[in-house]
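Structure at a glance
Letter by letter, the chains look like this.
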Amino acid sequence: MADNVRHIAVISLGGTIAMTTQTDGGATPTLSADDLVAAVPGLADTGIHVEVHDFRRLPGASLSFSDLFELAATIEALAVDGVVVTQGTDTIEETAYLLDLVTTGDMPIVVTGAMRNASMAGADGPANVLAAIRTAASTEARGTGCVVVFGEEIHAARWVRKTHATSPTAFTSYPGPIGYVAEDRVRILARPDAAPRIAFQGATASARTTVFTVGIGDDGTLLQVLGDHLDGLVVAAFGAGHVPMACVDALTDLAKRMPVVLATRTGSGPVLRQTYGFPGSESDLLARGLISGNTLDPVKARILLHLLLMTGSDKDRITQIFSTVS
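A brief look at the structure comes next. (Residues numbered from 1 in each chain as written. Predicted model: local features only at pLDDT ≥ 70, side-chain atom pairs only at ≥ 80, totals over all residues. Heavy atoms only, no water.)

**Concerning the sheet that holds strand β14 (residues 232-237)**
- Taking strand neighbours across the sheet as the criterion, the 4 strands line up as β13-β14-β15-β16 in an open arrangement whose pairing is parallel. The sheet terminates laterally at β13 (209-213) and β16 (291-292), the two strands that pair on one side only.
- When strand β15 (residues 260-264) meets β16, the two strands line up parallel, connected through 2 bridges. Each bridged residue has a counterpart across the sheet, and for Leu262 the counterpart in β16 is Ser292.
- Along the sheet face, helix α8 (residues 298-310) touches β13, β14 and β15 and points at about 165° away from the line of β14. (Pairing = 2+ DSSP bridges. Helix = DSSP H or I, 4+ residues; strand = E, 2+ residues; numbered from the N terminus. Contact = heavy atoms within 4.5 Å. Axes fitted to C-alpha atoms, helices over the stretch in contact; angles between N-to-C directions.)

**What about the sheet that holds strand β11 (residues 179-182)?**
- Spatially, 8 strands are ordered β4-β1-β5-β6-β7-β8-β11-β12 in an open sheet, and the strand pairing comes out mixed. At either margin of the open sheet sits one strand with a lone partner, and together these are β4 (49-58) and β12 (185-188). Neighbour-to-neighbour, the strand axes of the sheet open up by a mean angle of 25°, direction not taken into account.
- Pairing between strand β1 (residues 7-14) and β4: 7 bridges, direction parallel. Note that in β4 the partner of His7 across the bridge is His49.

**Re the packing of helix α2 (residues 65-77) against helix α3 (residues 92-102)**
- Closest axis-to-axis distance for the α2/α3 pair is 10 Å, and the angle between their directions is 50°. Regarding the angle of α2 to α3, the classification is oblique. Once α2 is placed against α3, the crossing between them reads as right-handed. Packed against α2, whose contacting residues are Phe65, Leu68, Phe69, Leu71, Ala72, Ile75 and Glu76, the element α3 presents Thr95, Leu98, Leu99 and Val102 at the interface.
- Of the residues assigned to the contact of α2 with α3, the class counts are 9 nonpolar, 1 polar and 1 charged. (Parallel < 35°, antiparallel > 145°, perpendicular 65-115°, else oblique. Left-handed = near helix turned anticlockwise from the far one by under 90°. Nonpolar A, V, L, I, M, F, W, Y, C, P; charged D, E, K, R; others polar.)

Pasting the structure below:
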């Protein structure tokens, strides 16, 4: 094989992209990584050498942190030019951000999937896999961190979100894609700052974290109940970081016992620091010991918080790491 041939690993975790409809009408993961790659038209014409790894056959909703740590270790051990991970779309944004935080080097790592399974008309899996393989093989994509490729758009892991339950264009990001694939060429338009690196090999501690989304009329009762079962909490707050006044005392108490990260439930934009001053405003909550999630959405903030707790970080280090995220 020529020295200039690009070598790409495709690792299958299951999900809709690996599903077929069964006789009872329900779709379940049945396709192997070999099956997925074999279904991609035009792949042979790219000249890219692809090796496949059948890693899991699970719905995206059933993946665990232990699965993702094992995936990261597998990726780190590969001697290839790039990696494509295929999985269920339910948790693509979590997988991509975790890999962005724990993997080293500048090799492209691309996560993709499908919104329509292989038994459906217009299945989008083969096109997404081809675009993902092209991106993983591209020298231009090196150094961009982990990305999600969907609909021939390239999204940074820290910004991408699934914003529709069924649409093939479900994945979007703010401030927008960092690149795209067109006419068989990968084009990178922007490069995010490097993510903080977390040595997942040291993740020996257990951690219990969750996201609490505030709603109108919340009185803090559920927060008090959650506090007895958690090591860390992300609050998905209104607007730029606001909660009902009735929740302030509960959050003040929780922030004395564990790291509590303040994020915005809006999906984009920052948590402010000093614009508002009423009880339950961002400035009030930060003064009470909550940690700003900056521009991370609640799902990504929970991934970062969980990893930091699992690697033994104290509140000061957690606060410092979150302060670097933008």
